[in-house]
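Below, each chain spelled out in residue letters.
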Amino acid sequence: MALINTAMNVSPEQRIAMAKAQIIEHEAAAGWNAVVMVGEDRVVEDVSTACTDGYLTLYGREFIGGLNDAQLRYLVCHENGHELGQHPWVYKNLTKLNPMLANVAMDFWNNLFIEDTFRDYPGFVERPCEGLCIDEKYRGWSVPEIFYDLYEQGDGDGEGDGDGDGEGDGDDGQGGGGGGSSTDDGQPVLLDDHDFDGRTPDEEEEIKRKINDAIRQGKFVASKVSGQAGKLDFDELTLPKINYREVMRDFTRSTMRGNDTRTFSRPNRRYLAHRIYLPSGISERVGPLVLAVDTSASMWMDNVFTRCMSEVAGICKEVKPERVSIAYWDTKVWPLEHYEPADYDNIAKTAKPLGGGGTTVAVVPEYLREHKVKPQAVVVFTDGDIYDGDWGNWDCPVLWVVINNKDAHPTVGKVVHVTDADIML
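This text gives an overview of the structure that appears in the document.

The rules behind each value
Residues numbered from 1 in each chain as written. Predicted model: local features only at pLDDT ≥ 70, side-chain atom pairs only at ≥ 80, totals over all residues. Heavy atoms only, no water. Helix = DSSP H or I, 4+ residues; strand = E, 2+ residues; numbered from the N terminus. Contact = heavy atoms within 4.5 Å. Areas by Shrake-Rupley, 256 points an atom, 1.4 Å probe, with all protein chains shown as cover. Buried < 20%, exposed > 50% of the residue type's maximum accessible area, 1.4 Å probe, protein only. Pairing = 2+ DSSP bridges. Axes fitted to C-alpha atoms, helices over the stretch in contact; angles between N-to-C directions. Expected span 1.5 Å × (residues − 1). Core = buried A, V, L, I, M, F, W, Y, C linked by side-chain atoms within 4.5 Å. Phe/Tyr/Trp six-rings, centres within 6.5 Å; stacked < 30°, edge-to-face > 60°.

## Concerning the overall build of the chain
Link 1 in the chain: Each helix and strand counted, the chain has 14 helices and twelve strands in total.
Link 2 in the chain: For the chain, the proportion of contacts with a sequence separation of at least 24, taken over those separated by at least 6, is 67%.
Link 3 in the chain: For the chain, the accessible area works out to roughly 20,100 Å², and carbon and sulfur atoms hold 49% of it.

Okay, structure coming up:
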């Protein structure tokens, strides 16, 4: 396909439309075609580069006026890459934890994705500016993995480190905008702004539906072609993404009700037969909670256990149970640690986990019964590699947070599957 530079011949709006058409027609981006067609584009005066909410993309008139066609295609791919990766919805937890660092992690992923897609087609895309978030280290990493790597490096202020070595020297079409991944002060440059909080829940659900439909269409198209398009993991892109902290909140709300407040809006049914109207009990208070943390040998690898303990502390502060008992278990349950609300802020520092053996979760409900521990609910953190597939006989509601094991399916209770990178540090 012959490409010419149209920067001086047509309007910015026409140039964006032409860039999208060229991307759709390109064999390397065959799987993107339906996603590129979803959404709305506008050229505006008050945006410095570009800005997207996952559906509406605003392009800065002055900025795109200074781009050649290959650079504009890179920018358009970048905006649509956020849609393809479903960044506005999948990574809300990261955005809440640190908005700037989340944006940097998304851009690292996005830019590598673009350059990998068109690696065999020099000249089709070109970096639109110097200092983009590019680091060979992050090739093949997910957005959460990049985020937590930056976080652990001490970049919790959201600036990132931009230590990548870049790609190309500006002569091969891939790196024409700049040969590195950081500016002179060592900080990576965000190619665009992200406005992921401006939609209503109903609007967001409709946009997610459209994007997922487009990704599925792309999967079909990509299956008919070879090259980079056939390498996209469309099954992963269309998997339902679950915010397990929301699952946690729903679980505690539905299973852990106190009785410290009275209301006549729901009369006490025990006395209705006698035509006596008394209030029923309601409460926002969460009763005693047991957090059962798998301390088998596999959980100590790759800082998985450390992240679990940070999340345990976060659960206590967010759910605010009246009392928390932490049960460390491997082939047995080690002595419980008990915490009151005043202690929740220091759990991560004061906890003394024990274990390192096998994975026999059935010992947990047996221990609770034997020691007459009666929580309103139990939350179990585990990698799901359960001995003999025995998930235990529980006397209360149980929520399983299964880490890095989509094949684990507890036979009792509610389950949410996460990766270790999903878990807050």
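## Description of helix H14 (residues 363-370)
Link 1 in the chain: Residues Val-363, Val-364, Pro-365, Tyr-367 and Leu-368 constitute the buried set of H14.
Link 2 in the chain: If you follow the buried residues of H14, they end up packed against strand S7 (289-294), strand S8 (324-329) and strand S10 (377-382).
Link 3 in the chain: Positioned one or two residues after H14, Lys-372 has a phi angle of 55 degrees, which is positive.

## Brief notes about unusual backbone geometry
Link 1 in the chain: With a phi close to 55 degrees, Lys-372 is a non-glycine residue in the positive phi region.
Link 2 in the chain: Position of Lys-372 relative to the elements: it lies in the loop between H14 and S10.
Link 3 in the chain: Judged by relative accessible area, which is 66%, Lys-372 ranks as exposed.
Link 4 in the chain: One non-glycine residue, Asp-388, adopts positive backbone phi at about 60 degrees.
Link 5 in the chain: For Asp-388, the position within the fold is in the loop between S10 and strand S11 (398-403).
Link 6 in the chain: We classify Asp-388 as exposed; its relative accessible area is 65%.

## Focus on the sheet that holds strand S2 (residues 50-52)
Link 1 in the chain: Read from one edge of the open sheet, four strands run S1-S3-S2-S4, paired in mixed fashion. With partners counted over all chains shown, the strands left at the sheet margins are strand S1 (40-44) and strand S4 (193-194), one partner each.
Link 2 in the chain: Here S2 runs beside S4; their pairing, made up of two bridges, is parallel. The partner of Thr-52 across the bridge, within S4, is His-194.

## Comments concerning the sheet that holds S10
Link 1 in the chain: Reading across from one edge, S9-S8-S7-S10-S11-S12 is the order of the six strands in this open sheet, with mixed pairing throughout. Only two strands of the sheet have a single partner each, and these edge strands are strand S9 (337-339) and strand S12 (414-418). Pairs of neighbouring strands in the sheet enclose a mean axial angle of 20 degrees, with direction left out of account.
Link 2 in the chain: In the sheet, S7 pairs with S10 via five bridges, with the strands oriented parallel. The residue bridging Val-293 from the neighbouring strand is Phe-381, located in S10.

## Quick notes on the side chain of Thr-360
Link 1 in the chain: Turning to its location among the elements, Thr-360 is positioned in the loop between helix H13 (347-350) and H14.
Link 2 in the chain: Those residues in contact with Thr-360 that sit more than four places away from it in its chain are Trp-329, Asp-330, Thr-331 and Tyr-387.

## Here's the deal with helix H7 (residues 99-117)
Link 1 in the chain: An ideal rise of 1.5 Å per residue puts 27 Å on 19 residues; H7 measures up with 27 Å between its terminal C-alpha atoms.
Link 2 in the chain: In terms of burial, H7 is a largely internal element, 16 of the 19 residues being buried.

## Considerations on the nonpolar core
Link 1 in the chain: Ranked by internal contacts, the top residues of the largest apolar core, which has 55 residues, are Ile-23, Trp-32, Ile-64, Leu-72, Leu-75 and Phe-118.
Link 2 in the chain: At the level of secondary structure, the elements contributing two or more residues to this core comprise helix H1 (12-25), helix H2 (33-37), helix H3 (61-65), helix H4 (69-84), helix H5 (87-90), H7, helix H8 (143-152) and helix H9 (201-222).
Link 3 in the chain: Top contributing element to this core by residue count: H7, with ten residues.
Link 4 in the chain: Excluding anything up to four places from it in sequence, Leu-75 contacts Ala-50, Tyr-59, Phe-63, Ile-64, Leu-67 and Leu-191.

## Description of the packing of aromatic side chains
Link 1 in the chain: Overall, the coordinates contain six aromatic pairs when judged by the stated rule.
Link 2 in the chain: Taking 5.1 Å as the distance between ring centres and 65 degrees as the angle between the ring planes, the aromatic pair formed by Phe-108 and Tyr-138 counts as edge-to-face. With Phe-108 in helix H7 and Tyr-138 in the loop between H7 and H8, this residue pair connects regions lying 30 residues apart in the sequence.
Link 3 in the chain: For Phe-108, a relative accessible area of 0% corresponds to the buried category.
Link 4 in the chain: A relative accessible area of 2% places Tyr-138 in the buried class.
Link 5 in the chain: Aromatic side chains Trp-394 and Trp-400 sit 5.7 Å apart centroid to centroid with 90 degrees between the ring planes, which places their arrangement in the edge-to-face category. Both residues of the pair, Trp-394 and Trp-400, belong to the buried class.
Link 6 in the chain: What links up through ring pairs into an aromatic cluster is the set Phe-108, Tyr-138 and Trp-141.

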